[in-house]
Amino acid sequence: MAAWDLSVTVEDLGSDAPPVTISVASDLHVGGVIVKLVEKTQIKRDWSDHALWWEQKQQWLLRTAWTLEKYGIHADARLVFMPQHKPIKLGLPNGKTLQLKACFSNPVFQTVMGICRMLNIRHPEELSLLRPVEEKKKKKDKDLAEEIYDLTEVPLSSVSRPCLYNGMPAHFADSEQMEDVYKMLSITQPPPAPEVIAKQYRPASVVDKAHINGRWLDSSRCLKKQGIQENDRLWLRFKYYAFYDMDPKYDVVRLTQLYEQARWAILLEDVDCTEEEMMLFGALQYHINKVSLTEPQTLSSSAALDDLESALMSLEVKMEGESSSASEMILSSGIVHFRPKRLTLKGYKQYWFKFQDTSISYFKSKEESIGEPIQQINLKGCEVAPDVNVTAQKFLIRLLIPAPEGMNEVYLRCENEQQYAQWMAGCRLASKGKSLADSSFQSEIQSIRSFLAMQKTNSGSSNNAAASDESINTHSLVSPRYHKKYKPKQLTPRILDAYQNVAQLSLTDALMRFLQIWQALPDFGLSYVVVRFKGSRKDEVLGIAPNRLIRIDLGVGDVVKTWRYNNMKQWNVNWDIKQMAIEFEGNVNIAFGCVTADCKIVHEFIGGYIFMSTRSREKSDTLNEELFHKLTGGHEAL
Amino acid sequence: MDDIDAMFSDLLGEMDLLTQSLGQETLPPEPLRSPKQEIDFSIGFTGLNASVNELEDNDLDALMADLVADLNATEEKLAAEIQGLDVPPPSSSSDLPPPPKGLSHQPTSSVTSPSSPGNNYSNSVTTPSSSTASPLPPPPPQSAKPTMEEIEAQLKADKIKLALEKLKEAKVKKLVVKVLMNDGSSKTLMVDERQTVREVLDNLFEKTHCDGNVDWSLCETNYELQLERTFEDHENLVEPLLAWTRDSENKVLFQERKDKFEVFKNPQNFYLWKKDKKTLKDMKDKDKELLVQENFCGTSIIVPDLEGVLFLKEDGKKAWKQRLFQLRASGIYYVPKGKTKSSRDLVCFIQFDNVNVYYGKDVKNRYKAPTDFCFVLKHPQIQKESQYIKYLCCDDAWTMNLWVTGIRIAKYGASLYENYKTAEKKAAVSSALWTNRSTPSSSSSSTPSPTIKAKAPAQANGHAPKPQAGPPLQGIGNLPPPPPNDFLPPPPPDPVLPPPAPSLASKPAPQRQQPSDLPPPPLSMDSLPPPPPPPPMENSLEDPPDFLPPPPPPTSYSSLPPPPPPAAGFGRNPNQSLPPPPPEPEFLPPPPPDPVILAPGAPPAPPPPPPPPAPVSIQRPAAQPRKMPPVPPKRTTPMLSGGGGGGGGDFMSELMFAMKKRTDQ
């Protein structure tokens, strides 16, 4: 067979180097071409990751046994010889950027699997890559070079079977730098500065939210084919909101990154919530930040206290409680002003107060405090609300105390911050049926004081970005909407209020709680796409959820129809007219064309969710990749 | 009424004394404690290691013995005194351990045998298994000879554990609660504050020999406010009862409540309520299962998507105003006037942390409500008219049911589903028991009775002394005096086991009379004054008043599937939502994952087979097979021990466990 010249660009020789020309015959297989090529370059190195890319056809020549003829390659083919793994800049859910080598030749689905393996994230099928939203960069910002965490040095082979070392995958244990990377991955980030939140793009409508979904990469095609270049920036995000088998023990990175994604979704109002919910999210963020500072990396520690030990602990506490004289001493020193609400307009009267267990009693004076109190109030089950203004030195505790006749409203006025923090903490605990001897009393006081401190520092301007635990700007914890609505010091008591219910959570529990509340939001898990239904002349929005599709009328802004996947009989894509047709049980047929995203993306979303729902069945941990592609690939996969 | 009051206050006084001596702090005065003991304690337990190392063996033994003796004495008395009181002892709910006083003054060296009547008493209501446990004399702590240091340490640890248990036990509050049956009769139970509603229900199942289906519930009615609600199975019973006022005419009812777990039987009615009636009705079992899984088995509990215009009466105002309300996991919200429904505009109406949801009755009359379908949100402590009670009126009963269930899901979350699963298991066991009993094998029916007999004396002990004082005041508002007294000795009536068997044979018809007839015979066994058959009390509050929970398996209202001839019984019971005693079969097999695989029958792609693989195993059994779930045969024997599990967590078994652990050493 006649030999002809084939010129191949070898990327490693530099972009200016001329193509290497080798003499081949049409029956030479691709492997042979590579051997010849390598010989010709006379460079000794590991070429095992390299492969041929056919520029015109946008195709990898990965089947080394196929001949040039079978591939249909002639002398005019422009081939590039390059590594299959190339560095990319990966934007993580926590906003950090990671540089690592990703596979450019396999379907994105596998690329993501590889990345997740390196980062130690289980269930990679839930994540995917998308093109980032371009940030409007001002000149000023450019000076602050973004910190990039480098993982490109990790040998690809070491990642294949991650073994744990010191609670983290072995490849992170190599150097201090690598450990830092792992810390970045597995520890939550401090609350972002309010300006940072304000600067980010926030979708203002469902249509805005729909646009992001046009950016997902196609899972069944490779990066190279989708025009991604070396060192391009991509985002790694959780795409399918069906988080299977979340186990804090094994999922440190996964949990942390999911939390970060959820946190940003809340802060940027990607998912709507009410004000009360926002305050709770804020409180949880505050708490998570606080706990992760004080108990870093307890995620991996086993919380398995011997039950005897814990029993003894609790006994100890109880015993302390028994000698309530101690706790009494702390608080009975207080002269508290007291006003039962409706009784008088005159304001406050001074009494001598005693705090005991879950009750407060008051006396005319200290001298009489040995005798019968004027009244004793049990605070168990009561509502405690602060009414505080540090600058005005107002320290009120408002108590709503349940009684058979209804709620009694009572105000306690404290003299100063110190007293307020103690009494407030006492009331909070008592309302939950805990006595002052409870181990959480001191930490409760602490948190109240740090919230008070926040009020103080925030009353000036919010530019002291010293992100110490004590001085978090509460604007960092809520979406910009509330920056406008409330001043930081107005926000503080509200967040503190919500904080009471979560203050005792461990880091893991707090993360899980955050995710749970996020998942319980009505709009959780909805990915929007603007579509046009067959026969309709206006754009509408299709919401894709883990278990259903919803149709949203843009005019009304309301859900007009819901279809559940489990009623779905089949779906088709007409690639020519870019239309999806779905048939549901009971002869329900819908068809729509996609406006803001490619048909394939919508197809993949739906197929992907159906794939996710099949997971629970197979107990094995192996990922059924074939099924995924079958469900999401469309014709191109095969 | 006056002398009743007098008696009552006497009793209360007595109880005050008692509780003080028990170390439960009573309201104002702070009982002085002997400081010496406290010091001993705190020394012993300040540090973890210190406590283990410093306490000598004999210290521990003494501590144990003292505690036991102390308990024996006081609890016995207390049990007697407290008896018949629905109303809680007015003790503050302090968490304090027992008075050290008792410890030093009661130097019984007796072994730590768990024979304290108090304990037995509380156990007696639980299960056979616990009663079998008690006879085993646990080895005295001293007997074990520490040969090795580790063993020694372990022994100490065990002793400390026991001591802790004792301490705990000593502070446990107990209430005697009268529970009204559907037939107007009542049962009196001792409930300690650790017991959950589930455990109390299990006791009642034993006492009444009802079928134990999942719908059985304890309900609380508030007479003054005309409210009622079903206790959730995981709640502790004592706590809500403590909120009742002393003169309260509130009641605790034992009834079947279909709405209790309806959401798990027909989740589509709650989660897909917007769909048309027919779709909902035709919902396939596997789809129902899927819905339950989706909403209750994920990382987060999903609250039904509820939204609608309701009438609201709040802040003590008289007027009812309409608002568009929305239910979310975090609370109920409403859309303010002129605003959109978007989440951020919603105004929080109420959050659920501090309120319970109740059904309101007779609201049209009482408050001029637009409809009678009213649910109420209030703090459990509030017992009288108050501006802090919120009334919400719905257009129809179904909407009301939706909201109440939705609120319960939001408030209790995963616990609801766990309750359901537990109830189902329980129902399976008891239905198995019933099918078993119905077969004329004498063995099965005779096994249980001895155990109960064995228990009876203990109960009698605990109960007999001073029954009269308390009961009339509380509980039954309508007919206070006579019946309650007669009811006092009721615990015995439960050994009714023999009768059921015959009655079963004759199936449903005799149901009516039996209940009232049955109690007496068993009583005679225990030489207690037989309670006269109760005058059928009119329970104005109960809708299905003539339904009796008799020894023969009482069944759901409409269906009376007597266990013995299952096939026949079921034939008459096509009602989908009223499962016969054997638990609904859909739930028995571990919910097989849903077959969601679809065929992406895209023209180009080779379409995978449409009907997915999964369902084969669950193919909804046709009516017949459904009735005969594999359960009955399986559970027949385990029933007893299974029942024991139900009482779980009681002190005796803990003790036994500890003892066993030690002997294993």
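Residues numbered from 1 in each chain as written. Chains lettered and ligands numbered in written order. Predicted model: local features only at pLDDT ≥ 70, side-chain atom pairs only at ≥ 80, totals over all residues. Heavy atoms only, no water.

Test applied: UniProt positions are given in the numbering used here, feature names are shortened, and annotations may be inferred rather than shown by experiment.
For chain A, an unreviewed UniProt entry supplies the name FERM domain containing kindlin 3b and the organism Fundulus heteroclitus. The record in UniProt for chain A states the following under Sequence similarities (unreviewed entry): "Belongs to the kindlin family."

A closer look at the overall build of chain B
Put simply, the rule is: Runs of E in the DSSP output that reach at least two residues are strands. Runs of H or I that reach at least four are helices, and both are numbered from the N terminus. Here's how the labels work: a residue is buried when its accessible area is under 20% of the maximum for its type, exposed when over 50%, partly exposed in between, all with a 1.4 Å probe on protein chains only. Contacts: residue pairs with any heavy atoms within 4.5 Å of one another. Working definition of accessibility: Shrake-Rupley area with a 1.4 Å probe, residue cover restricted to the visible protein chains.
Secondary structure assignment for chain B yields 28 helices and 12 strands. Sorting the 665 residues of chain B into buried and exposed places 59% on the buried side. Of the contacts formed within chain B by residues at least 6 apart in sequence, a portion of 71% connects residues at least 24 apart. Put simply, chain B shows about 26200 Å² of open surface, and 58% of that area lies on carbon and sulfur atoms.

As for unusual backbone geometry
Residues and elements named next belong to chain A. With a phi angle near 65 degrees, N120 is a residue other than glycine that sits in the positive phi range. Within the secondary structure, N120 is located in the loop between helix 3 (108-119) and strand 8 (127-130). Of note in this structure, D245 is not a glycine but carries a positive phi near 55 degrees. Mapped onto the fold, D245 is located in the loop between strand 12 (233-238) and helix 9 (252-267). The class for D245 is partly exposed, based on a relative accessible area of 39%.

Here's the deal with the confidence of the model for chain B
All names here are of chain B. Note the threshold: As a per-residue quantity, pLDDT reports the predictor's confidence and falls between 0 and 100.
Averaged over all residues, the pLDDT of chain B is 62; the fraction at 70 or higher stands at 43%. Taken as a whole, residues 21-60 scores under 50 in pLDDT and shows 79 contacts with residues more than four places along the chain or in a different chain. Low pLDDT, under 50, characterises residues 439-651; the predicted model gives this stretch 371 contacts beyond four residues in sequence or across chains. Two summary scores accompany this predicted model of the complex, namely pTM at 0.70 and ipTM at 0.85.

Examining the environment of Y358 of chain B
All names here are of chain B. As a reminder of what qualifies: For this analysis, a polar contact is any N or O atom pair within 3.5 Å, provided that within protein one partner can donate a hydrogen and the other can accept it, and provided that sequence-adjacent residues contribute only side-chain to side-chain pairs.
Locating Y358 in the fold gives a position in strand 10 (residues 356-360). Residue classification places Y358 among the buried residues on the basis of a relative accessible area of 2%. Here the alpha-carbon distance between Y358 and N222, two residues 136 residues apart in the chain, equals 9.5 Å. Of note is the side chain of Y358, whose polar atom sits 3.2 Å from the side chain of K378.

Some points on the nonpolar core
Nonpolar side chains in soluble globular proteins tend to end up buried together. Selection criterion: Take the buried Ala, Val, Leu, Ile, Met, Phe, Trp, Tyr and Cys residues and link them wherever side-chain atoms come within 4.5 Å; each set so joined is a nonpolar core.
Grouped together as the largest cluster of nonpolar side chains are 123 residues, with contacts concentrated most on L90, L98, L119 and W518 of chain A. Here L90 of chain A is in contact with K96, T97, L98, L100, I115, L119, L129, L234, W235 and L236 of chain A, once residues within four sequence places are set aside.

Remarks on the pattern of salt bridges
Cut-off, in case you're wondering: When a carboxyl oxygen of Asp or Glu lies within 4 Å of a side-chain nitrogen of Lys or Arg, that pair is called a salt bridge.
One pass over the full model with this rule turns up 48 salt bridges over all chains. Taking the shortest distance from any N to any O, the salt bridge between R328 of chain B and E277 of chain A comes out at 2.8 Å. Taken together, the residues span two chains, with R328 of chain B in strand 7 (residues 321-328) and E277 of chain A in helix 10 (residues 275-294). The same class applies to R328 of chain B as to E277 of chain A, namely buried.

Let's talk about the packing of aromatic side chains
Our working rule: Any pair of Phe, Tyr and Trp rings, taking the six-membered ring for Trp, is counted once the centres come within 6.5 Å. Such a pair is stacked with planes under 30 degrees apart, edge-to-face with planes over 60 apart, and tilted for the rest. Definition used: whenever NZ (Lys) or CZ (Arg) falls within 6 Å of the ring centre and also within 35 degrees of the ring normal, the charge is taken to sit over that ring.
Enumeration according to the criterion identifies 43 aromatic pairs over all chains in this entry. Summarising the aromatic geometry, the rings of Y241 of chain A and F243 of chain A are spaced 6.2 Å apart at their centres and angled 80 degrees between planes, so their arrangement reads as edge-to-face. The class of Y241 of chain A is buried, set by a relative accessible area of 18%. For the ring pair F325 of chain B and Y334 of chain B, a centre distance of 6.1 Å and an interplane angle of 75 degrees mean the geometry is edge-to-face. Through a chain of ring-to-ring contacts, the aromatic side chains of F261, F264, Y271, F296, Y417 and Y420 of chain B assemble into a single cluster. Cation over ring: R45 of chain A sits above W47 of chain A, and NZ or CZ is 5.1 Å from the ring centre. Over the ring of Y334 of chain B we find R323 of chain B, and its NZ or CZ is 3.9 Å from the ring centre.

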